[in-house]
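Single-letter residue listing:
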Amino acid sequence: MIKQAQKWFVEYTLAPDSNGLLKFWMGPVPVVSICRGEVAKTIFDSSTNIPKSSQYRKLKEWIGDGLLISTGPKWRSRRKMLTQTFHFAVLKEYHKVFASQGKILVDVLRLRANNTYPFDIMPYIKRCTLDIICETAMGCSISSQMGSNDKYVESVKRLSELVWNYEKAPLYWLKPIWYLFGNGFEFDRLVKLTTDFTRDVIDERKEELKLHESEPSDKKLAFLDYLLKSQTDHPEILTDEGIREEVDTFMFEGHDTTSSGITFAIWFLGQYPEYQQQVQDEMDEIFGDDYERYPNSEDIQRMIYLEQCIKETLRLTPPVPFISRQLEEDVLIPHATKPPVLLPAGMNIMINIITIMKDARYFEKPYEFFPEHFEPERVNSREAFAYVPFSAGPRNCIGQKFALLEEKVVLSWIFRNFTVTSMSKYPEEHPIPELILKPQFGTQVLLKNRRKF
Ligand code: HEM
């Protein structure tokens, strides 16, 4: 059904007499879906039409009014401040975290290698990306890859499921029904558990910073530390609760997305031995037969073919398949042969990223995994709005450089050490769009050690 719906979506998008708009109802709310890049550009480029739609309201009860959800002057001042925390020099600090967690992942996966029965690799990747985001965002290690902090890990996972259950079933929007089925009580309990965890970490970190005020600590700085420092300079922009919101926003936005991106890349490369071989050749050129060395900045820059594979994965299976906005002002969508369409202020818009990136006008093999789509000549001759896995314009993903670096480091560890065979194929098995795009039946793979022990 999902496959059929998507095929229909794309046929509609490409029809010459279509402007790529589609109206549907989400319960009682009318929504217009935008399926063409050039139409979405009108919204992406706007500095006025930035508010998010009401579909984020349940998420807001968990992550608060942080960067992902806030709007107006609050969003503008926070965005300006937080942009500095994603500066290249800061990201460079995080290489070590990506590398050490990637190494732990390989050590854990080694126990499953050379077996003749497949296993689902996604939970392993998810724990790795969760450990990475905890260490980089909060400066604390939760060691979920080693089986610790089960409660927190399970709560974050379950909260994402509950938010999605709420969004997709308008009946749950009626409070008594949400609580009657027990979801409301579970959601409230888990929100308290996770946000209390974040608050405790913030308090501890504040104390630590105070202690080391006079003597610099050799501990790596986390996003949280940069936020605490910014708070000292601009207390009017960032309160303690504001910091909590931003940290929880990073926790939500910064691990499920990358785990989905990494898992799908493994899945695709495990389906195409010829592309996987090219990635492994690249790894061998960079690392030789050293399977233990941590990748440095120079190594990461040389992972050019791997980056093409990552980008192609994000095109076919974008972790964030749709984004929503509520229009602040009217938008006029022109049409080649018919009168323009007016989208009035207040309208809910869904930008259909997953469909936009399968447009045959810009990708010669729109439904195939073809990393050559990202060869420099092809990229340079393509419209920017045709490829938008991180959204675009002033409200694009602030973590996109972080995400690409993390994916490169973790995937390089995997393909240096293992050859992967995927047990299912795209598009026969089709990922399902939830809050974050997920494999429909897990990602069953076989791993073979490349290294002789
Ligand atoms: C492959 C990984 C990722 C993908 C595909 C992705 C995609 C996106 C997309 C499409 C948006 C726009 C959402 C919307 O308008 O509703 C977004 C926003 C955002 N992302 Fe990411 N993201 C990724 C990783 C990350 C990471 C690692 C972080 C943080 C460490 C992050 C932090 C954010 C934040 C804070 C926003 C809100 C920005 C704003 O509204 O100003 N993302 N992301």
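What you are looking at is a predicted structure, and each value in this text was computed from that prediction instead of being measured. (Residues numbered from 1 in each chain as written. Predicted model: local features only at pLDDT ≥ 70, side-chain atom pairs only at ≥ 80, totals over all residues. Heavy atoms only, no water.)

1. Quick look at the overall build of the protein
So, step 1. When you go through the protein residue by residue, the secondary structure sums to 18 helices and 11 strands.
So, step 2. For 453 residues, the compact-globule formula gives about 22 Å, and the C-alpha radius of gyration of the protein, at 22 Å, lands near that figure.
So, step 3. Viewed in the frame of its principal axes, the protein has a C-alpha envelope of about 65 × 55 × 45 Å.
So, step 4. When burial is assessed residue by residue, the protein has 56% of its 453 residues classed as buried.
So, step 5. Sequence separation of at least 24 residues holds for 74% of the intrachain contacts in the protein that already meet a minimum separation of 6.
So, step 6. As displayed, the protein offers around 20,000 Å² of accessible surface, 57% of which is attributable to carbon and sulfur atoms. (Helix = DSSP H or I, 4+ residues; strand = E, 2+ residues; numbered from the N terminus. Rg over C-alpha atoms; globule rule 2.2 N^0.38 Å. Buried < 20%, exposed > 50% of the residue type's maximum accessible area, 1.4 Å probe, protein only. Contact = heavy atoms within 4.5 Å. Areas by Shrake-Rupley, 256 points an atom, 1.4 Å probe, with all protein chains shown as cover.)

2. Some details on unusual backbone geometry
So, step 1. With an omega of 5°, the peptide bond between Tyr 426 and Pro 427 qualifies as cis.
So, step 2. Mapped onto the elements, Pro 427 comes out in the loop between strand S8 (418-422) and strand S9 (432-433).
So, step 3. Of note in the backbone geometry, Asn 114 takes a positive phi value of approximately 65° without being a glycine.
So, step 4. Mapped onto the elements, Asn 114 comes out in the loop between helix H5 (88-110) and strand S3 (119-120).
So, step 5. For Asn 114, a relative accessible area of 48% corresponds to the partly exposed category.
So, step 6. Positive phi, close to 60°, is recorded for Ser 391, a residue that is not glycine.
So, step 7. Mapped onto the elements, Ser 391 comes out in the loop between helix H17 (376-380) and helix H18 (400-417).
So, step 8. When its relative accessible area of 14% is taken as the criterion, Ser 391 is described as buried.

3. Brief notes about the site of the ligand
So, step 1. Near the ligand you find 28 residues, and of these Tyr 56, Trp 75, Arg 79, Arg 395 and Cys 397 are the closest.
So, step 2. Within the contact set of the ligand, an oxygen atom lies 2.9 Å away from a side-chain nitrogen or oxygen of Arg 395.
So, step 3. Counting only elements with at least two residues in the shell around the ligand, the list comes to helix H4 (72-83), helix H11 (240-253), helix H12 (256-269) and H18.
So, step 4. Class assignment for the residues of the shell around the ligand results in 16 nonpolar, 7 polar and 5 charged. (Near = heavy atom within 4 Å. Polar contact = N/O pair within 3.5 Å; in protein donor to acceptor, adjacent residues only side chain to side chain. Nonpolar A, V, L, I, M, F, W, Y, C, P; charged D, E, K, R; others polar.)

4. Looking at the coordination of the iron atom of the ligand
So, step 1. Among all protein atoms, only Cys 397 (SG) binds the iron atom of the ligand, sitting 2.3 Å from it.
So, step 2. Looking at where Cys 397 falls in the secondary structure, it is placed in the loop between H17 and H18. (Donors = N, O, S within 2.8 Å, 3.2 Å for Na, K, Ca; no water.)

5. Remarks on the packing of aromatic side chains
So, step 1. Scanning all chains against the criterion turns up 27 aromatic pairs.
So, step 2. For the pair Phe 86 and Phe 223, a centre-to-centre distance of 4.8 Å together with 35° between the ring planes defines the contact as tilted. Linking Phe 86 in the loop between H4 and H5 with Phe 223 in helix H10 (residues 223-233), this pair joins segments that are 137 residues apart in sequence.
So, step 3. Given a relative accessible area of 11%, Phe 86 falls into the buried group.
So, step 4. Take Phe 223: its relative accessible area is 1%, and that puts it in the buried class. (Phe/Tyr/Trp six-rings, centres within 6.5 Å; stacked < 30°, edge-to-face > 60°.)

6. A look at the UniProt feature "binding site: heme" (unreviewed entry) in the protein
So, step 1. On the UniProt side, "binding site: heme" (unreviewed entry) is annotated at positions that read Cys 397 here.
So, step 2. Exposure remark for Cys 397: the relative accessible area of 25% places this residue in the partly exposed category. (UniProt positions renumbered as here; feature names shortened; annotations may be inferred.)

7. So, the packing of H12 against H18
So, step 1. One way to put it is that H12 packs onto H18 with a least axis distance of 10 Å and a crossing angle of 40°. Viewed along their axes, H12 and H18 adopt a mutual orientation that is oblique. Where H12 crosses over H18, the handedness of that crossing is right-handed. In this structure, H12 contributes Thr 258, Gly 261, Ile 262, Ala 265, Ile 266 and Leu 269 to the contact, and H18 contributes Ala 403, Glu 406, Glu 407, Val 410, Leu 411, Ile 414 and Phe 415.
So, step 2. Grouping the amino acids of the contact of H12 with H18 by side-chain chemistry returns 9 nonpolar, 2 polar and 2 charged. (Axes fitted to C-alpha atoms, helices over the stretch in contact; angles between N-to-C directions. Parallel < 35°, antiparallel > 145°, perpendicular 65-115°, else oblique. Left-handed = near helix turned anticlockwise from the far one by under 90°.)

8. Concerning the sheet that holds strand S4 (residues 322-326)
So, step 1. Spatial ordering of the open sheet is given by S1-S2-S7-S4, a layout of 4 strands whose pairing is mixed. Among the strands making up the open sheet, the edge pair consists of strand S1 (21-26) and S4. On average, each strand axis in the sheet is tilted by 30° relative to the strand beside it, whichever way the strands run.
So, step 2. With 5 bridges joining them, S4 and strand S7 (residues 348-352) adopt antiparallel strand pairing. Within S7, the residue paired with Ser 324 across the bridge is Met 350. (Pairing = 2+ DSSP bridges.)

9. Section: the pairing of strand S11 (residues 444-449)
So, step 1. Burial along S11 is one-sided: Val 445, Leu 447 and Asn 449 are buried, while Gln 444, Leu 446 and Lys 448, pointing the other way, are not.
So, step 2. Where S3 lies against S11, 2 bridges are found, and the strand directions are antiparallel. Residue Phe 119 lies in a different strand from S11, and its bridge partner there is Val 445.
So, step 3. With 5 bridges connecting them, S8 and S11 associate as antiparallel partners.

10. A look at the pattern of salt bridges
So, step 1. Under the counting rule described, the total for this entry stands at 32 salt bridges.
So, step 2. Here Asp 107 makes a salt bridge to Lys 103, at a shortest N to O gap of 3.0 Å. Taken together, the residues span about one helical turn, with Asp 107 and Lys 103 both in helix H5 at a distance of 4 residues.
So, step 3. What makes Lys 103 buried here is its relative accessible area of 14%.
So, step 4. A salt bridge links Arg 450 to Asp 284; its shortest N-O distance comes to 2.8 Å. Taken together, the residues span a long stretch of sequence, with Arg 450 in the segment after S11 and Asp 284 in helix H13 (residues 273-287) at a distance of 166 residues.
So, step 5. Counted as one network, the salt bridges with shared partners bring together Lys 60, Asp 65, Lys 74, Arg 78, Glu 245 and Glu 246. (Salt bridge = Lys/Arg side-chain N within 4 Å of Asp/Glu carboxyl O.)

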